[in-house]
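Fold and geometry: a report
Given next are the chains, with one letter for each unit.
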Amino acid sequence: TGEPGGPSERALGSRVGGPARTAPKRRGPGAGRPAGTFPFVDDDVIRAWTAEERRRIARDLRIISDVAWDLPSLCGAWRCRDVLAHLVWLAESSRPRVVFDVAKTFRPPRRAIGRIARKLGDSDPSSLLERLDAAAEGRFVLPGAGPQVALAEVLTHRADITRVTDGPSRSSDERTALAIEAYRDLWWYFGVPSRVRGAHLVADDAGFEVGPSDGPEVRGSGTSLLLALAGRPNVRSELRGAVEVFG
């Protein structure tokens, strides 16, 4: 898209203050596939995973240098420090605060979210990491969405930062699979086209598959597949198979 593209940037850009839409209740990786392929994941478990992943970011990314935090991230025109700031803002937020913060910029929601991230991103990265750790249990999610969206936000933006700073990478796992399903299940929020939803995604490094088994197959690491779904075009070279589904 050429714009910041985590779940909240695209979805909040059109949903802040708007009517909530109901998310699918099944949140196990592989939703839409034969029952039993993956276990159902309880909302409280997903929230605990999200808090843990925020704390891992706060711990792992402390080794990134001040210079590297100023590098452009994979997320549109945002610096790595802006992406971190965005994660802090979401972790600390409530729905009233999000509406207030966006409204007081006097800008359309999508541009407002970018402005908020860049302004907060001027803060010292060490202090932002401390704030993310302190707010790890934050429960704000998009109106009508479930906690899997917050998890997808955290995993996507961690990779947005670490891919360009050589920060500690994270291995793909069932949480990555659940984040991929968040993009697919809530496609109307995130603008995921039908050709992508119809693809059979295979994570070579984590042993999971997502999407209809008879769809065009795309293979790669779980994180590369996640970033491709999030609209990061520079990861497409890491994928194999029917990569054209990603445009």
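To be clear, the structure that these remarks concern was listed above.
Here we summarise the structure given alongside this text. Values in this document were obtained by computation on a predicted structure and should not be read as measured data. (Residues numbered from 1 in each chain as written. Predicted model: local features only at pLDDT ≥ 70, side-chain atom pairs only at ≥ 80, totals over all residues. Heavy atoms only, no water.)

Core analysis: the largest hydrophobic core is formed by 40 residues, its most contacted members being I180, Y183, F190, L201, V218, L229 and F246. Among the elements of the structure, α2 (43-60), α8 (148-165), α9 (174-185), α10 (187-190), β1 (200-203), β2 (208-210) and α12 (222-229) are those that each provide at least two residues to this core. Top element by residues in this core is α9. It accounts for six residues. In terms of nonpolar packing, the next biggest core, distinct from the first, is built from 30 residues, A68, W69, A135 and I161 among them. (Core = buried A, V, L, I, M, F, W, Y, C linked by side-chain atoms within 4.5 Å. Buried < 20%, exposed > 50% of the residue type's maximum accessible area, 1.4 Å probe, protein only. Helix = DSSP H or I, 4+ residues; strand = E, 2+ residues; numbered from the N terminus.)

Here the focus is the layout of surface pockets. Size it by volume and the largest pocket reaches roughly 240 Å³. Taken together, W89, R97, D101, K104, T105, R115, I116, K119 and L120 make up the lining of the largest pocket. For the lining of the largest pocket, the secondary structure elements donating two or more residues are α5 (95-103) and α6 (109-121). (1 Å grid on protein atoms, 1.4 Å probe; cavity = no way out; pocket = protein on both sides within 12 Å on 5 of 7 lines; lining within 4 Å. Points joined across faces, edges and corners; volume = space filled by probe spheres on them.)

To continue, consider the sheet that holds β2. In any sheet, the strands associate via hydrogen bonds between backbone groups, in a parallel or an antiparallel arrangement. Judged by pairing direction, the sheet is mixed, and its four strands sit side by side in the order β2-β1-β3-β4 without closing on themselves. Since the sheet does not close on itself, it has two edges, and those belong to β2 and β4 (240-241), each with one partner. Relative to strand β3 (residues 217-220), β1 is paired through four bridges, and the arrangement is parallel. Along β3, the bridge assignment pairs L201 with V218. Packing of α9 onto the sheet brings it into contact with β1 and β2, and relative to β2 it is tilted by some 5 degrees. Sitting on the sheet, α12 touches β1, β2 and β3, and the angle it makes with β1 is about 145 degrees. (Pairing = 2+ DSSP bridges. Contact = heavy atoms within 4.5 Å. Axes fitted to C-alpha atoms, helices over the stretch in contact; angles between N-to-C directions.)

Let's shift gears to a positive patch on the surface. Judged by side-chain charge, R107, R111, R115, R118 and K119 come together as a positively charged surface patch. Mapped onto the elements of the fold, R118 is located in helix α6. (Patch = residues over 30% accessible without salt bridge, like charges linked within 9 Å, V, L, I, M, F, W, Y side chains within 5 Å. Areas by Shrake-Rupley, 256 points an atom, 1.4 Å probe, with all protein chains shown as cover. Salt bridge = Lys/Arg side-chain N within 4 Å of Asp/Glu carboxyl O. Lys, Arg positive; Asp, Glu negative; His and termini not counted. Charge placed at Lys NZ, Arg CZ, Asp CG, Glu CD.)

In total, this model carries four aromatic pairs according to the counting rule given. With a centroid separation of 5.9 Å and an interplanar angle of 80 degrees, the aromatic rings of W187 and W188 are classed as edge-to-face. By relative accessible area, which is 37% here, W187 ends up partly exposed. W188 gets classed as partly exposed once you look at its relative accessible area, which sits at 22%. Here the aromatic cluster, defined as three or more aromatic residues joined through ring pairs, consists of Y183, W187, W188, Y189 and F190. Against the face of W187 rests R197, its NZ or CZ located 4.0 Å from the ring centre. (Phe/Tyr/Trp six-rings, centres within 6.5 Å; stacked < 30°, edge-to-face > 60°. Lys NZ or Arg CZ within 6 Å of the ring centre and 35° of its normal.)

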